[in-house]
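# Observations on the three-dimensional arrangement
Residue strings, one per chain:
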Amino acid sequence: MLGLGLMGSALAESLIRAGHHVTVWNRTPAKADPLVAAGATRAATPAQAVEASPLVIVCLLDYPSVLETLKDVPLEGHVIANLTTGRPAEARETAAWVAERGGEYLDGGIMAVPQMIAGPGALILYSGSRPAFERHEQAFGAMAAPRYTGDDPGLAPLLDLAMLTGMYGQIMGFLEAAALVRSAKYPLTEFTTELLVPWLNAMAAQQPRWAEKIESGDHRTEVSNLEVNRAGMENLVRAFHEQGVNPDLLLPIKTVLDRRVARGLGHEGLSGLVEEL
Ligand code: FVH
């Protein structure tokens, strides 16, 4: 394991607990102490850590720190599973860089915080070499539920970013709703638990159907079309202003809606907006 920050330490600990022999390295050596006390072997250099195992799990701050750490290390015969968060392009470049040095590469997207590692709900997305994934799937399973997504190394980080995008959309929607509710001095916790969360769950249940529509390219709808939503959004933004609440997070949605309707596509459903993005 290269990298013993909050996440790397949690990953290493889960592997030790599952009975694996784990060799650890960190730029600041003292962070290895608790893991060594728990049974890990300390490596003095990244090269020593890599040499110790066919599977090398890397969890550092960013991709430049990964390249810096591995730059003089022989990688032949090793699988580099890089769980550092980054962009799809960085993952593809790093995969090529590792292949030039004779290694196999997997990129990973960790869908968990350190406290969730080895517990229910923790998921790690992998992409890159399928044989490497299959060879080490059992070890990956000790850290979090492993899911292989495809041989393009950029896929796991892309799906990671897509999941974060969905999360930010939901949180930003909540914050705008909270500001509006607060403007009326209505109890926000009651609104959130009794009204908003059940509503969002019902809406989220519709998303697989929207995904099917996007995949088919058929954006026709019998329910509320874009024209209806455009009028609804205008009403919403106006109400925000009248309540003295800033609708800044809603305005980009209005922009895209207005643009699609102005193209004469007001008869489509909301799924049609994906074509504007
Ligand atoms: N923590 C979280 O909740 C998120 C969950 C989703 C995935 N992220 C990503 O995981 C990567 C590591 O995150 P972390 O939480 O472990 O981060 P830190 O505790 O800050 O540890 C950073 C480690 O990186 C080492 N490091 C930094 N720069 C260098 C460098 N130039 N050369 C070698 N190592 C470097 C640092 O070493 P040190 O400061 O202890 O010496 C730590 O080991 C990250 O991509 C998250 O986005 C976590």
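Residues numbered from 1 in each chain as written. Predicted model: local features only at pLDDT ≥ 70, side-chain atom pairs only at ≥ 80, totals over all residues. Heavy atoms only, no water.

## So, the nonpolar core
- Met-1, Leu-11, Val-24, Leu-106, Ile-110 and Met-143 are the most contacted members of the largest nonpolar core, which has 34 residues in total.
- With 19 residues, the next largest nonpolar core counts Leu-2, Leu-60, Val-66 and Leu-70 among its residues. (Core = buried A, V, L, I, M, F, W, Y, C linked by side-chain atoms within 4.5 Å. Buried < 20%, exposed > 50% of the residue type's maximum accessible area, 1.4 Å probe, protein only.)

## What to know about the packing of aromatic side chains
- This structure, assessed with the given rule, holds four aromatic pairs.
- With 5.4 Å between their ring centres and 50° between their planes, Tyr-126 and Phe-133 make a pair best called tilted. Just as Tyr-126 is buried, Phe-133 falls in that class too.
- Considering the side-chain rings of Tyr-126 and Phe-140, the 4.4 Å spacing of their centres and the 25° angle between planes classify their relative orientation as stacked. You can see Tyr-126 sitting in strand β6 (residues 123-128) and its partner Phe-140 sitting in helix α6 (residues 130-143), a full 14 residues away along the chain. With respect to burial, Tyr-126 and Phe-140 carry one shared label: buried.
- Through a chain of ring-to-ring contacts, three or more aromatic side chains come together here, namely Tyr-126, Phe-133, Phe-140 and Tyr-148. (Phe/Tyr/Trp six-rings, centres within 6.5 Å; stacked < 30°, edge-to-face > 60°. Helix = DSSP H or I, 4+ residues; strand = E, 2+ residues; numbered from the N terminus.)

## Quick look at helix α10 (residues 226-242)
- When the terminal C-alpha atoms of α10 are compared, their 24 Å separation across 17 residues agrees well with the 24 Å that a helix rising 1.5 Å per residue should span.
- For α10, the secondary structure elements touched by its buried residues are α7 (155-183) and α11 (251-262).
- Two to three positions downstream of the cap, the backbone nitrogen of Glu-227 sits 3.1 Å from a side-chain oxygen, assigning the N-cap of α10 to Asn-225. (Expected span 1.5 Å × (residues − 1). Contact = heavy atoms within 4.5 Å. Polar contact = N/O pair within 3.5 Å; in protein donor to acceptor, adjacent residues only side chain to side chain.)

## Digging into the domain arrangement of the protein
- Domain annotation for the protein reports domain 1 (6-152) and domain 2 (159-276).
- For domain 1 and domain 2, the distance between their C-alpha centroids amounts to 38 Å.
- Of the residues lining the interface, eight residues belong to domain 1; the matching set on domain 2 comes to four residues.
- Around 470 Å² of area is buried between domain 1 and domain 2 when both sides are counted, 82% of it from carbon and sulfur atoms.
- Inspection of the region where domain 1 meets domain 2 yields zero salt bridges.
- Linking domain 1 with domain 2 are zero residue pairs in polar contact (both at pLDDT 80 or more).
- Among the secondary structure elements, those contributing two or more residues to the side of domain 1 that touches domain 2 are β5 (104-111) and β6.
- For the side of domain 1 that touches domain 2, the element with the highest residue contribution is β5, accounting for three residues.
- Counted by class, the side of domain 1 that touches domain 2 contains five nonpolar, three polar and no charged residues. (Domains from an automatic or database assignment. Buried area = accessible area lost by both parts, 1.4 Å probe. Salt bridge = Lys/Arg side-chain N within 4 Å of Asp/Glu carboxyl O. Nonpolar A, V, L, I, M, F, W, Y, C, P; charged D, E, K, R; others polar.)

## Notes on the environment of Pro-198
- Structurally, the position occupied by Pro-198 is in helix α8 (residues 188-204).
- With 155 residues separating them in the primary sequence, Pro-198 and Ala-43 have C-alpha atoms 50 Å apart.

## Let's talk about the site of the ligand
- Near the ligand there are 22 residues, and of these Met-7, Asn-26, Arg-27, Thr-28 and Lys-31 occur at the shortest range.
- Within the contact set of the ligand, an oxygen atom lies 3.2 Å away from a backbone nitrogen or oxygen of Gly-5.
- Within the backbone of Met-7, a nitrogen or oxygen atom sits 2.8 Å from an oxygen atom of the ligand.
- Relative to its unbound accessible area of 900 Å², the ligand is 76% covered by the protein chains.
- Listing elements by their share of the shell around the ligand, those giving two or more residues are α1 (6-17) and α4 (63-70).
- Of the residues contributing to the shell around the ligand, the split by class is 10 nonpolar, nine polar and three charged. (Near = heavy atom within 4 Å. Areas by Shrake-Rupley, 256 points an atom, 1.4 Å probe, with all protein chains shown as cover.)

## Quick notes on the sheet that holds strand β7 (residues 145-148)
- As summarised here, the arrangement of the five strands in space is β3-β4-β5-β6-β7, forming an open sheet in which the pairing is mixed. The open sheet is flanked by β3 (55-58) and β7, the only strands paired with a single partner. Between one strand axis and the next, the sheet turns through 25° on average, direction left out of account.
- Across four bridges, the pairing between strand β4 (residues 79-82) and β5 is parallel. Within β5, the residue paired with Asn-82 across the bridge is Asp-107.
- Contacts from α4 reach β3, β4 and β5 within the one sheet, and its direction differs from that of β4 by about 155°. (Pairing = 2+ DSSP bridges. Axes fitted to C-alpha atoms, helices over the stretch in contact; angles between N-to-C directions.)

## As for helix α5 (residues 88-100)
- For α5, built from 13 residues, the straight-helix expectation of 18 Å at 1.5 Å per residue is met to within 8% by its first-to-last C-alpha distance of 19 Å.
- Restricting attention to buried positions, one finds in α5 the residues Pro-88, Glu-90, Ala-91, Thr-94, Ala-95, Trp-97 and Val-98.
- Where the residues of α5 are buried, they touch α4, β4, β5 and α7.

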